[in-house]
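Examination of the molecular architecture
Here are the chains, one letter per residue:
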Amino acid sequence: MGETLHPSTDIDAAPVLDKSFGVAAADAEKERSPHDSDSDAKSDYKEEIEVKESEDFPQYDWSSEEFSSIPELVREVVSLEDEPTQPTVTFRVIVLPTIFVAIGSFLPHYDCSYLPTNAALYYNYTMNPAVALFFGWGVSLLGFAFAAMVRPILIYDPEFIFPLSLQQVTLYRSMQGTSELHLARSKKQMKWFPEYLFPFVASLAPLCWFASRNHTVNFLGAGRGGIGLLNITLDWSNITSTVITQPYSVQVIIFVAFVITTWILIPIAYFGNLWGSPTYNIMSNGVFLKNGSAYPFTQLLYNDASVAVQYEEIGLAYSGAQYLWEIFMWYASYISSFVWAGLYIGPKIWRLLKARRENRAAHTDRLSRNAQKYKDITLVEWAGLVMIPFLILLVVTIKGNIYMPVWTYFVALGFGAAAMLPLSAIYAISGFGVKVGFFNELIYGYMIEVPGSSRHPLGQLAYRIISGNVWYDARTVLEDQKIGHYMGIPPREVIGIQIFANILGLPVNYGVMRWVVGAKYDILSGKTVDPTSQWTAQDQKSYNTAGIQYALVGPKRLFESSVFKPVTYGFVAGAVVPLILWGLHRRFPRAKFNLWNSTIFFASAATFHGNLSTGPFTTFLVGTFFNFFLYRYRHKFWTKWAYITGAGLDTGFNAQLFVAFIALGSTGITMAHWWGYNSDSVERCFALK
């Protein structure tokens, strides 16, 4: 067999993050001796192995070529044995996914649905259902094509662990009874809290309790419309199982970014009247005229000549300070992802290509050997998966239904493909999904300066979805395929079920979207305010703002202004910071500078917290308890309960959300005004407005 190709011996290789100490697993293996009495995690793990061996489990030589490259966390969760003769496509495999896909599609997770949603909310345009569905199917299936490009690197390399996949494997093995956990235990975790009846607990603002009529205190303490200082949430949707799946070092980076942007910069700008405050609402991601009133973007929805004339009358589309530094951070995170991938993933790709040229196995670990027993997808089949969505989207674009010039479609595919490896690699290691941000909008804005091009914001949104948001679909494809890799499911069957789920789920999700827009139109469009702040349409509004600035106004006019010109330095920051951290890591390897992933920091700092800032503080506290204290000092307990708890709580929340939506949201029932549901302010921050 060929040599085992993994980065544990290369300082420049991609760091796999250890969840307890926030150290790279590659370095940790060198520094943590099996006889180190101070390493509780290691000793717990050895005890676990001894227990398994005493119960007639297979005995493994962890130092051998077959197992040494498999991270310790994966060994604890995943079964290393496989039975190729066991059937996988059964009657229940067809029936149960059909049921659960239909139910799960009631929840918002298809990014392609943003296009018909924004058309209805902001432009009074109901997109033809056939166009919306085929656009959605095309984008969703395009995710398979993009995933195919990086699949050989991310799926078969054991160092790319996909933390969320590990959690799902734990749940599935528990339900099968193939681990120390069983179905009865997992069911105990699937609870849900009646947040609909008692929304007060979703955002506990202690500062407001002591000064509920003081505007300054309310702004600091409110998690809905304020900065959420010391705000606590008991709503699992504001926490999620990322407190368990994401390495603790990643959670520290995310929280530091939140503290800097939300708890420090926003108060400085808000109370110091800096960076356009208070003329331009710092807690809004909308666009404004110079005097601070709403920007009349519909007046620019015509041809190029009309845009030029109208723009001279209307003027620049201004934004609040928070939205401005959000643009800076998104530019930085996008560039940083490429630089980071080149520094840390580049050597790995080179070794993979070298192994292929020498016609030897790139990965010889046990899991990869198990996967080699099954027939993989052929190049012809992958070509078919590429051509089908390509042609669907090409026809939709040529028909002019999405306002996007045809030639920009090909550019969108190029940029989407280029971003797949760096963004997917970061997610595979950390569990953190980097959003593409506004880089693609910038490119599109310059492209449509060509005379005769449509400047409709929906065209910009369509371009964003194809060039950027499609990576979210590809991420899901990769994540599910990693689950199949861990559980010994043939890759052809995993992909077949994924395609089936996408084809079935999208129409259901589209129908629910139309239903929600019809029932909540006034709230989602901003005509009325939801007192619970549960229906904010925050993402839709942000996408529309980007469309106005980059398509209607255009980056050329935008960056001529002294207001927007500084955000372009985000490109410089994104290129320089990872180089500095990489250099420091090479100079001081024991200091773990490689854990300070600049892409994750910039992307976290770019997250908009204007409408909802409850959650990050609680998430950090819970994450510290799980992935620092329990993992480091109660490792056996963490191994036994952490993943199953996270999966159970996620499942319970999704179940209650579905029930609440069907039973309450669809009937128009409103909760009576009481102490736990104050219609003026559920947080009891009465002086916030």
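Procedures and definitions
- Residues numbered from 1 in each chain as written.
- Predicted model: local features only at pLDDT ≥ 70, side-chain atom pairs only at ≥ 80, totals over all residues.
- Heavy atoms only, no water.
- Helix = DSSP H or I, 4+ residues; strand = E, 2+ residues; numbered from the N terminus.
- Buried < 20%, exposed > 50% of the residue type's maximum accessible area, 1.4 Å probe, protein only.
- Contact = heavy atoms within 4.5 Å.
- Areas by Shrake-Rupley, 256 points an atom, 1.4 Å probe, with all protein chains shown as cover.
- Expected span 1.5 Å × (residues − 1).
- Bend = angle between axes of the 7 residues up to and from the residue.
- pLDDT = per-residue confidence, 0-100.
- Disulfide = S-S within 2.5 Å.
- Phe/Tyr/Trp six-rings, centres within 6.5 Å; stacked < 30°, edge-to-face > 60°.

Focus: the overall build of the protein chain
Within the protein chain, the secondary structure is distributed over 28 helices and zero strands. Considering the protein chain as a whole, with its 689 residues, one finds that 56% of them fall into the buried category. When contacts within the protein chain are restricted to residue pairs at least 6 apart in sequence, those whose partners lie at least 24 apart make up 81%. With an accessible surface of roughly 28600 Å², the protein chain has 63% of that area assigned to carbon and sulfur atoms.

Topic: unusual backbone geometry
Of note, the bond from S277 into P278 is cis; its omega dihedral lies within 30 degrees of zero at 0°. Within the secondary structure, P278 sits in the loop between α12 (248-272) and α13 (304-314). Phi at W275 is positive, roughly 55°, even though this residue is not glycine. In this structure, W275 sits in the loop between α12 and α13. What makes W275 partly exposed here is its relative accessible area of 47%. Even without being a glycine, K592 presents a positive backbone phi close to 65°.

Re helix α27 (residues 616-633)
The end-to-end C-alpha separation of α27 is 24 Å, in line with the 26 Å expected for 18 residues at 1.5 Å each. Taking the largest bend as the criterion, α27 deviates by roughly 30°, centred on T624. All of the buried residues in α27 are P616, F617, T618, T619, F620, G623, F626, N627, L630 and Y631.

Digging into the confidence of the model for the protein chain
When pLDDT is averaged across the protein chain, the result is 80; 81% of the residues are at 70 or more. For residues 45-56, every residue scores under 50 in pLDDT, and the model assigns this stretch 14 contacts once sequence neighbours within four places are set aside.

Some thoughts on the state of the cysteines
Under the definition given, this model contains one disulfide. Disulfide pairing places C208 opposite C685 at an S-S distance of 2.0 Å. Between C208 and C685 the sulfur-sulfur dihedral comes to about 100°; the bridge is accordingly right-handed. Linking C208 in helix α9 (residues 206-210) with C685 in the segment after α28 (635-665), this pair joins segments that are 477 residues apart in sequence.

Examining the packing of aromatic side chains
Counted according to the given criterion, the structure contains 41 aromatic pairs. Considering the side-chain rings of W471 and Y472, the 6.0 Å spacing of their centres and the 55° angle between planes classify their relative orientation as tilted. Taking the relative accessible area as the measure of exposure, Y472 reaches 7% and is therefore buried. Residues Y631 and W638 carry aromatic rings whose centres are separated by 4.7 Å and whose planes lie at 80° to one another, so their mutual orientation is edge-to-face. Comparing Y631 with W638, the two get one shared label, buried. Among the aromatic residues, those joined into a ring-pair cluster are Y248, F255, F258, W263, F617, F620, F625, F626, F628, F629 and Y633.

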